[in-house]
Amino acid sequence: MAAGQQRSRSRSSLSLILAAVTLLTAAAAAAAPGAPSGLSDSDPGLLRALRFAEGQYNLGSSGLYLKRVSRVISADRQLVKGFKYSIVAELGNTLCKKAAPADPATCRFHAEASRLKTEVCEFDIWDIPWQSKSTLLKQKCQPSGEHVPPLGWRCVKVLRSESVELLSMFKDFVTKYNRSYSSQEEADRRFRIFRKNLQTAHTLQSLDQGSAEYGVTKFSDLTEEEFRSLYLNPLLSQRNLQRPMKPAAPPRNPAPQSWDWRDHGAVSPVKDQGMCGSCWAFSVTGNIEGQWFLKKGKLLSLSEQELVDCDRLDEACGGGLPSNAYEAIEKLGGLETETDYRYTGHKQSCGFSSGKVAAYINSSVELSKDENGEAGVLHLCLVNAEIAAWLAENGPVSVALNAFAMQFYRKGVSRPLKIFCNPWMIDHAVLLVGYGERNGVPFWAIKNSWGEDYGEEGYYYLYRGSRLCGINKMCSSAVVN
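Predicted, not measured: the structure shown is a model, and the values here were computed from it. (Residues numbered from 1 in each chain as written. Predicted model: local features only at pLDDT ≥ 70, side-chain atom pairs only at ≥ 80, totals over all residues. Heavy atoms only, no water.)

Novice: Can you help me understand the packing of aromatic side chains in this one?
Specialist: Working definition: an aromatic ring pair is given by the centre-to-centre distance plus the angle between the planes. Evaluation of the coordinates by the stated rule reveals 23 aromatic pairs. Look at phenylalanine 173 and tyrosine 177: their rings are 5.4 Å apart centre to centre, the planes differ by 55 degrees, and that puts the pair in the tilted class. The class of tyrosine 177 is buried, set by a relative accessible area of 15%. In textbook terms, an aromatic cluster arises when at least three aromatic residues are bridged by ring pairs, as seen for Phe219, Phe227, Tyr231, Tyr409, Trp450, Tyr454 and Tyr460. The ring of tyrosine 463 has arginine 415 lying over it, and the distance from NZ or CZ to the ring centre is 3.8 Å. Here the basic side chain of lysine 473 rests over the ring of tryptophan 424, its NZ or CZ set 3.4 Å away from the ring centre. (Phe/Tyr/Trp six-rings, centres within 6.5 Å; stacked < 30°, edge-to-face > 60°. Buried < 20%, exposed > 50% of the residue type's maximum accessible area, 1.4 Å probe, protein only. Lys NZ or Arg CZ within 6 Å of the ring centre and 35° of its normal.)

Novice: Before we go on, may I ask you to explain the state of the cysteines in this structure?
Specialist: Each disulfide consists of one covalent bond between the sulfur atoms belonging to two cysteines. Across all of its chains, the model carries 5 disulfides by this definition. A disulfide bridge connects cysteine 276 with cysteine 317, and the sulfur atoms are separated by 2.0 Å. On the sign convention where negative means left-handed, the S-S torsion of about -95 degrees between cysteine 276 and cysteine 317 marks this disulfide as left-handed. With cysteine 276 in the loop between strand E8 (259-260) and helix H7 (279-296) and cysteine 317 in the loop between helix H8 (305-310) and helix H9 (322-332), the pair connects residues that are 41 residues apart, well separated along the chain. Classification of cysteine 317 by relative accessible area gives partly exposed; the value is 24%. Put simply, cysteine 310 and cysteine 350 are joined by a disulfide, and their sulfur atoms are 2.0 Å apart. Taking the sign of the S-S torsion, 100 degrees for the link of cysteine 310 and cysteine 350, the bridge is right-handed. Of the two residues, cysteine 310 is situated in helix H8 and cysteine 350 in the loop between H9 and strand E9 (363-366); the sequence distance between them amounts to 40 residues. (Disulfide = S-S within 2.5 Å. Helix = DSSP H or I, 4+ residues; strand = E, 2+ residues; numbered from the N terminus.)

Novice: Just checking my understanding: could you explain unusual backbone geometry for this structure?
Specialist: Across residues other than glycine, the phi torsion is negative in most instances, and most of the peptide bonds are trans. Phi at alanine 316 is positive, roughly 55 degrees, even though this residue is not glycine. With respect to the element layout, alanine 316 can be found in the loop between H8 and H9. Classification of alanine 316 by relative accessible area gives buried; the value is 6%. In this structure, arginine 467 is a non-glycine residue whose phi angle is positive, near 55 degrees. Counting through the fold element by element, arginine 467 comes out in the loop between strand E15 (459-463) and strand E16 (476-479).

Note that every value here comes from positions in space, so none of it alone points to a role or purpose.
So, in structure tokens, the structure goes:
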């Protein structure tokens, strides 16, 4: 390709990127990432969402007349990989019949209340304007009566039953997870976050392509930013920080139909990292526990706190990389047991004792291949079948993934849309212990480090077969001779 053509294509790609950035920037003041924002009735994005909602309502309605929005009761916009609009609006019959297609905006309303037949509807709309794509996530309507009551009364009437239900759910959440807030203002704020998180969980549920159930979890009163800062690991997506590792030898045999190292004694009980971004330490120690069991015949629960305190290559609760952790363990001389070096969930002075080393490693490897056969290109993990074969042959694997959907995961096989699970934004390290199928749906069995009260007894099940959430991008293992 000529240099001029390359530059032309580069400028074209850059123009598309800049256009998307401009759209995001223009809305940033009205919709900070992850935060709901009130809107005026004249907001262009809101008007576009209302027209889309009208169209979707009329497509699904069996009424004789076209309906259109007569009044916006409330509207919020949230910037989450696009724009999510939460709208409560009143719709009424127009004089235009559905049999004679027309633009509802040009149609006048019925003057008679009996024929106007107003309804109050709640709409959740996911809009990606730079892709000209809109999706109706929720539509819930009920008659508002023959006479239109005052605005405030209608809001209370429509939202009262949902609010009572929400308050009951929030009370159960506070009781179950022993929450205590410092003030009434803080409790009110957490309730608002809880409500928005339920909407996010509903969105994930409605768009999930697997069999997962999303809903209330112990993280339901945390904003996305709080969840990321307290439980996730931002360093994992910074590939320039990763140390080069030796490539793993390819598996000798094809993958069996299913495999689970829990059934073979190579996996310790689920642990809890607490409010500390130390998932990298739990992923690596879990891998070494499996390697030690396979080579030495004894399953040990090894110390993550030793890595949090003594690994000078990583940032303790601020995050870390498995490649660094393996090197740190080699330099230290090994790992103590959990009993000898207990987990506290915060960094403290290094208390490592070489006399208490219970397990060591000789090296570490990355499950990788050069897809283009050229030096210097990005190395990815083996395709899913090869990862499965390597795991079944060699033991549990340290992996990382995008954990956005995990905040609200309860059970089942999770298969979120890519827009919720960008494979290039991995932020959580976990342990791959097995794979199989549920009712024909292939899955990875993933040991998490958020306690047994998370997911399915501490485990997360992710769809297997499409490199979902970046599960294939950072696979590694210690080597014990």
